[in-house]
Amino acid sequence: MAGFVAEYGAIILKAVGETLVMVVLSTGFGYLLGIPLGVVAYITDHGSISENRVVNTVVGWVINIVRSIPFIILILFLIPYTRFVMGTASGTRGVIFPLVIGSTPFIARMVESSFNELDSGVIESAKAMGATNLQIIWKVLLPESFPSLLRGMAIATITIIGYIAMAGMVGGGGLGAVAINYGYYRYERPVMNATIILTILLVQLIQVLFNLIVRRVDKNR
């Protein structure tokens, strides 16, 4: 055990840090893009507050097309664009751009689903009181669906961790890279086991954290 820690401890610890950086940045930027996209998809839908069939169809197609591409293929497809935007297509920095692109449509659908869970009477009441569409978005949709959005964020974050693991196969950083480069290519089974255990612990920690936050903010519980 002491020999394992001495040989691989620093490598694995660095990989954990890289994974956390990728998770935080990609989730953050993914939500910065995904929330507006989900809002547009919801408000332009049939019977919604700003129904627009053309916009809804275009947004829906964009979301569905990107979501239908397996993430490992998306990374390879985006390599030229990743190099242009990030300056590199490998390592921790080179994975963040495809992570954001890959997670944004997924997040947008999660956001749209959270809005669809709302009681339509709440929106109708706001409209009856003269609220504008922008006021309905900021003062009704987002606040009322906040607990559901948090639950969706937990799912999105855990999904992104899975994406990060796949990115290790094509030069990405983090625990996925350590599992591939040391656990698989060098047949170091203890390294593979350690990365799996740490990934499971990270996922469980995120789920528990979001569950606690949701319990505190969900007034219906």
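Read on for an overview of the structure. (Residues numbered from 1 in each chain as written. Predicted model: local features only at pLDDT ≥ 70, side-chain atom pairs only at ≥ 80, totals over all residues. Heavy atoms only, no water.)

### Comments concerning the overall build of the chain
Right, on to step 1. Assigned secondary structure in the chain consists of 10 helices and 0 strands.
Right, on to step 2. Listed by position from the N terminus, the elements making up the chain come as α-α-α-α-α-α-α-α-α-α.
Right, on to step 3. For the C-alpha atoms alone, the extent of the chain along its principal axes is close to 70 × 40 × 25 Å.
Right, on to step 4. A burial count over the chain gives 43% of its 221 residues as buried.
Right, on to step 5. Of the contacts formed within the chain by residues at least 6 apart in sequence, a portion of 71% connects residues at least 24 apart.
Right, on to step 6. Accessible surface computed for the chain: about 12,400 Å², of which carbon and sulfur atoms make up 66%.
Right, on to step 7. Seen as two clouds, the 15 positive and the 11 negative side-chain charges of the chain have centres 6 Å apart. (Helix = DSSP H or I, 4+ residues; strand = E, 2+ residues; numbered from the N terminus. Buried < 20%, exposed > 50% of the residue type's maximum accessible area, 1.4 Å probe, protein only. Contact = heavy atoms within 4.5 Å. Areas by Shrake-Rupley, 256 points an atom, 1.4 Å probe, with all protein chains shown as cover. Lys, Arg positive; Asp, Glu negative; His and termini not counted. Charge placed at Lys NZ, Arg CZ, Asp CG, Glu CD.)

### Regarding the environment of I196
Right, on to step 1. For I196, the position within the fold is in helix α10 (residues 189-217).
Right, on to step 2. Sequence separation between I196 and V23 is 173 residues; the distance between their C-alpha atoms is 16 Å.

### Notes on the packing of aromatic side chains
Right, on to step 1. Under the counting rule described, the total for this entry stands at 3 aromatic pairs.
Right, on to step 2. Arranged with centres 6.0 Å apart and planes meeting at 45°, the rings of F77 and Y81 form a pair that is tilted.
Right, on to step 3. Judged by relative accessible area, Y81 falls into the partly exposed class, the value being 46%. (Phe/Tyr/Trp six-rings, centres within 6.5 Å; stacked < 30°, edge-to-face > 60°.)

### Digging into helix α5 (residues 91-116)
Right, on to step 1. Taking 1.5 Å of rise per residue, the 26 residues of α5 would be expected to cover 38 Å, and the 38 Å separating its terminal C-alpha atoms lies within 8% of that figure.
Right, on to step 2. In the structure, α5 departs most strongly from a straight axis at T104, where the bend amounts to approximately 30° and where the proline P105 lies between one and four residues downstream.
Right, on to step 3. Here α5 lies mainly inside the structure; 20 of its 26 residues are buried. (Expected span 1.5 Å × (residues − 1). Bend = angle between axes of the 7 residues up to and from the residue.)

### Describing the packing of helix α7 (residues 133-144) against helix α8 (residues 146-167)
Right, on to step 1. With their axes 5 Å apart at the nearest point, α7 and α8 run at an angle of 55° to one another. As judged from the angle between their axes, α7 and α8 are oblique. In contact with L142, P143 and E144 of α7, α8 contributes F146, P147 and L149.
Right, on to step 2. A per-class count over the contact of α7 with α8 returns 5 nonpolar, no polar and 1 charged. (Axes fitted to C-alpha atoms, helices over the stretch in contact; angles between N-to-C directions. Parallel < 35°, antiparallel > 145°, perpendicular 65-115°, else oblique. Nonpolar A, V, L, I, M, F, W, Y, C, P; charged D, E, K, R; others polar.)

### Let's talk about the packing of α5 against α8
Right, on to step 1. One way to put it is that α5 packs onto α8 with a least axis distance of 10 Å and a crossing angle of 150°. In terms of their interaxial angle, α5 and α8 are classed as roughly antiparallel. Considering only the axes of α5 and α8, their crossing is right-handed. Along the contact surface, α5 presents V95, L99, G102, S103, F106, I107, M110, V111 and S114, while α8 presents S148, L149, G152, I155, A156, T159, I160, Y163, I164 and A167.
Right, on to step 2. Its residues assigned to classes, the contact of α5 with α8 comprises 13 nonpolar, 6 polar and no charged. (Left-handed = near helix turned anticlockwise from the far one by under 90°.)

### Notes on the pattern of salt bridges
Right, on to step 1. Summed over the entire model, instances satisfying the criterion amount to 1 salt bridge.
Right, on to step 2. Measuring nitrogen to oxygen at the nearest pair gives 2.6 Å for the salt bridge that ties E112 to R109. Taken together, the positions of E112 and R109, both in helix α5 and 3 residues apart, correspond to about one turn of that helix.
Right, on to step 3. Taking relative accessible area as the criterion, E112 reaches 11% and is therefore assigned buried. (Salt bridge = Lys/Arg side-chain N within 4 Å of Asp/Glu carboxyl O.)

### Concerning the side chain of T157
Right, on to step 1. Within the element layout of this structure, T157 appears in helix α8.
Right, on to step 2. A polar side-chain atom of T157 sits 2.7 Å from the main-chain carbonyl oxygen of M153.
Right, on to step 3. If near-sequence neighbours (up to four positions away) are discounted, T157 is found in contact with V23, T27, I206 and F210. (Polar contact = N/O pair within 3.5 Å; in protein donor to acceptor, adjacent residues only side chain to side chain.)

### Some words on the nonpolar core
Right, on to step 1. Among the nonpolar cores identified, the biggest contains 23 residues, and M22, F71, L99, I161 and I164 are the most heavily contacted of them.
Right, on to step 2. If you list the elements that add at least two residues to this core, you get α1 (2-43), α3 (71-77), α5, α8 and α10.
Right, on to step 3. The element contributing the most residues to this core is α8, with 7 residues.
Right, on to step 4. Setting aside residues up to four positions removed in sequence, I161 forms contacts with V23, T199, L202, V203 and I206.
Right, on to step 5. Y42, F115, I123 and A156 belong to the second largest nonpolar core, which has 20 residues in total. (Core = buried A, V, L, I, M, F, W, Y, C linked by side-chain atoms within 4.5 Å.)

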